[in-house]
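Descriptive analysis of the structure
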Amino acid sequence: MRHARDCDLDRLEDLLASLRALPGLIEKKRGVFYRKSKSFLHFHEDPKGLFADLSNGPGGVDERIDVTDPAGRQALLAAIRDRLAT
């Protein structure tokens with residue numbers, strides 16, 4: 001699994017626009033989001049599709065969500081909104 005490249009992120013532009021609109025997230029590099037000063041979200045690509053790695057604090061990734069299809073993208077947005085509410 002490799003980090004998503006620009007051509008991969010092009011397929012997620014609508015999702016990225018939704019993420020950019022959420023308060024509390026800062027996009028440090030295209031497709032790499034921070035919450036406060038901590039890494040919060042980034043994307044990977046592999047033969048199975050596109051995946052979002054969502055962190056909830058120190059220690060790395062605690063949730064990987066398949067965002068290849070619209071249902072996965074909605075699940076990611078819901079998970080992020082839940083985390084931002086806490």
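Residues numbered from 1 in each chain as written. Predicted model: local features only at pLDDT ≥ 70, side-chain atom pairs only at ≥ 80, totals over all residues. Heavy atoms only, no water.

Attention now goes to the pattern of salt bridges. In the structure shown here, the tally under the stated rule is 11 salt bridges. Taking the shortest distance from any N to any O, the salt bridge between Arg-64 and Asp-53 comes out at 2.6 Å. Of the two residues, Arg-64 sits in strand E6 (residues 61-66) while Asp-53 sits in strand E5 (residues 49-55), which places them 11 residues apart along the sequence. Arg-64 sits in the partly exposed class, given a relative accessible area of 46%. Judged by its relative accessible area of 1%, Asp-53 falls in the buried class. One salt-bridge network, in which partners are shared between bridges, spans Asp-6, Asp-10, Glu-13, Arg-20, Glu-27 and Arg-30. (Salt bridge = Lys/Arg side-chain N within 4 Å of Asp/Glu carboxyl O. Helix = DSSP H or I, 4+ residues; strand = E, 2+ residues; numbered from the N terminus. Buried < 20%, exposed > 50% of the residue type's maximum accessible area, 1.4 Å probe, protein only.)

Turning our attention to unusual backbone geometry. Here the phi dihedral of Lys-36 falls at roughly 55°; this positive angle occurs in a residue that is not glycine. Mapped onto the elements, Lys-36 comes out in the loop between strand E3 (32-35) and strand E4 (38-46). Taking the relative accessible area as the measure of exposure, Lys-36 reaches 69% and is therefore exposed.

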